[in-house]
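Structural overview
One letter stands for each residue in the lines below.
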Amino acid sequence: GLFSYTWDNLEFEHLSGARRWYYLASVRFVRLYQLAQTCQAPVLSVDADGLVVKSLESKFEQMAGCDAGIYLRLDNTLDWRKVLASALFIMPTDLGQRYSRDVAIVIAWLLRRKLHYHIDQLVIYYLWDLYRRHKPGFRDARLAQEMADWECQQDSYIWSAKGDRKYLDQGFLKAREQ
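Reading guide: rules and limits
- Every chain begins its residue count from 1, and numbering advances along the sequence as written.
- Reporting in this predicted model follows two pLDDT cut-offs: at least 70 for local features of residues, and 80 or more for side-chain atom pairs to be given and counted; totals over whole chains, interfaces and linings ignore these cut-offs and use all residues.
- The basis for every side-chain value is the complete set of non-hydrogen atoms in the structure, without hydrogens or water.
- The criterion for an aromatic pair is that two Phe, Tyr or Trp rings (for Trp, the six-membered ring) have centres within 6.5 Å, with stacked assigned to planes under 30 degrees apart, edge-to-face to planes over 60 apart and tilted to the rest.
- Helix and strand labels come from DSSP, where a helix needs a run of H or I of at least four residues and a strand needs a run of E of at least two; each type is numbered from the N terminus.
- Under the scheme applied here, a residue whose accessible area is under 20% of the maximum for its type counts as buried, over 50% as exposed, and between as partly exposed, the area being computed with a 1.4 Å probe on protein chains only.
- For this analysis, a polar contact is any N or O atom pair within 3.5 Å, provided that within protein one partner can donate a hydrogen and the other can accept it, and provided that sequence-adjacent residues contribute only side-chain to side-chain pairs.
- Strand pairing follows a simple DSSP-based rule, namely that at least 2 bridges must link the two strands.
- Helix axes are fitted to C-alpha atoms over the stretch in contact, other axes to C-alpha atoms as well, and angles between N-to-C directions run from 0 to 180 degrees.
- The contact rule is simple, with two residues in contact once any of their heavy atoms fall within 4.5 Å.
- Any Lys or Arg side-chain nitrogen found within 4 Å of a carboxyl oxygen on Asp or Glu counts as a salt bridge.
- The length a helix should cover is 1.5 Å for every residue beyond the first.

**Some remarks on the packing of aromatic side chains**
Here the distance between the centres and the angle between the planes together describe a pair of aromatic rings. One pass over the structure, following the stated rule, counts 6 aromatic pairs. Measuring from centroid to centroid gives 5.4 Å for Tyr99 and Tyr131, while their planes differ by 85°, and the two rings are edge-to-face. Of this pair, Tyr99 sits in helix α3 (residues 94-111) while Tyr131 is found in helix α4 (residues 119-134), placing the two residues 32 residues apart along the sequence. Here Tyr99 and Tyr131 have matching classes, each one buried. Ring centres 5.2 Å apart and planes at 65° place the aromatic pair Tyr131 and Phe138 in the edge-to-face group. Comparing Tyr131 with Phe138 shows no difference in burial state: the two are buried. Each member of the aromatic cluster is reached from another via a ring pair, and the members are Tyr99, Tyr131 and Phe138.

**A word on the side chain of Asp129**
Structurally, the position occupied by Asp129 is in helix α4. A polar contact is formed between the side chain of Asp129 and the side chain of Arg132, at a distance of 2.3 Å.

**So, the sheet that holds strand β4 (residues 83-90)**
Spatial ordering of the open sheet is given by β1-β4-β3-β5, a layout of 4 strands whose pairing is mixed. Among the strands making up the open sheet, the edge pair consists of β1 (43-46) and β5 (140-142). Recorded for the sheet is a direction-independent mean angle of 25° between the axes of neighbouring strands. Two strands pair when backbone bridges link them, and strand β3 (residues 68-72) and β5 are joined in this way by 3 bridges, in the parallel orientation. The residue bridging Gly69 from the neighbouring strand is Ala141, located in β5. α4 contacts β3, β4 and β5 of the sheet and is inclined by roughly 60° relative to β4.

**Remarks on the side chain of Asp149**
Its place among the elements puts Asp149 in the loop between β5 and β6 (158-159). For Asp149, a relative accessible area of 0% corresponds to the buried category. A polar side-chain atom of Asp149 sits 2.7 Å from the main-chain amide nitrogen of Gln153. Other than its neighbours up to four places away in sequence, Asp149 contacts Ser156, Ile158, Trp159 and Ser160.

**Examining the pattern of salt bridges**
If you walk through the whole model with that rule in mind, you get 7 salt bridges. Linking Asp67 and Arg139 is a salt bridge whose minimum nitrogen-to-oxygen distance equals 2.9 Å. Here Asp67, found in the loop between α2 (57-62) and β3, pairs with Arg139, found in the loop between α4 and β5; they are 72 residues apart in sequence, far enough to count as distant. Using a relative accessible area of 37% as the deciding quantity, one classes Arg139 as partly exposed. Taken together, the shared-partner salt bridges in this structure form one network comprising Asp129, Arg132 and Arg133.

**Looking at the environment of Lys135**
Secondary-structure assignment places Lys135 in the loop between α4 and β5. Here Lys135 falls in the partly exposed class, since its relative accessible area comes to 24%. In sequence terms Lys135 and Tyr99 are 36 residues apart; their C-alpha atoms lie 9.9 Å from each other. Aside from chain neighbours lying at most four places away, what touches Lys135 is Leu95, Arg98 and Leu130.

**Observations regarding unusual backbone geometry**
If you check the backbone angles, Gln40 has positive phi at about 50° while not being a glycine. As for its position among the elements, Gln40 is in the loop between α1 (17-39) and β1.

**Things to note about α3**
Its 18 residues place the ends of α3 26 Å apart at the C-alpha level, agreeing with the 26 Å of an ideal helix rising 1.5 Å per residue. For α3, every residue scored as buried is listed here: Leu95, Gly96, Gln97, Tyr99, Ser100, Asp102, Val103, Ala104, Ile107, Leu110 and Leu111.

This is the structure in structure tokens:
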């Protein structure tokens, strides 16, 4: 399959401290919508420090018939922990595009205001819940740890750097060098 990636090369002098971190963690979901709109193809957003360590072709195939693929952790009591934003699929369906657009709009709006930690996860979760309850036909795929694996297991597709592991885990460091 065809693979491409994007990145932003921006000046951040106007953002300081936590605002810069929030921006960097969240703006990719605005870009995800723009990319999905432009390409009209399935798009996967991965954390900047995530490593794709296995072909994703089968995962894209499994997403057929869905609108979005979300890593949900609904057993968590804190809302910001109910979603892991390390990986998010958007499919080229009407509801997939609308969901992605709504995530982008809310995040862009929030980036102009006083921000809270994990706004991306909160927005993805609240809008998923809204769509699930009020958008008939919204089809989500539940992503598993293999799509954002902070334990760096060999059968996973994406390894996520959680905390100091990005500097200390030898398997992660070796994979990053390849």
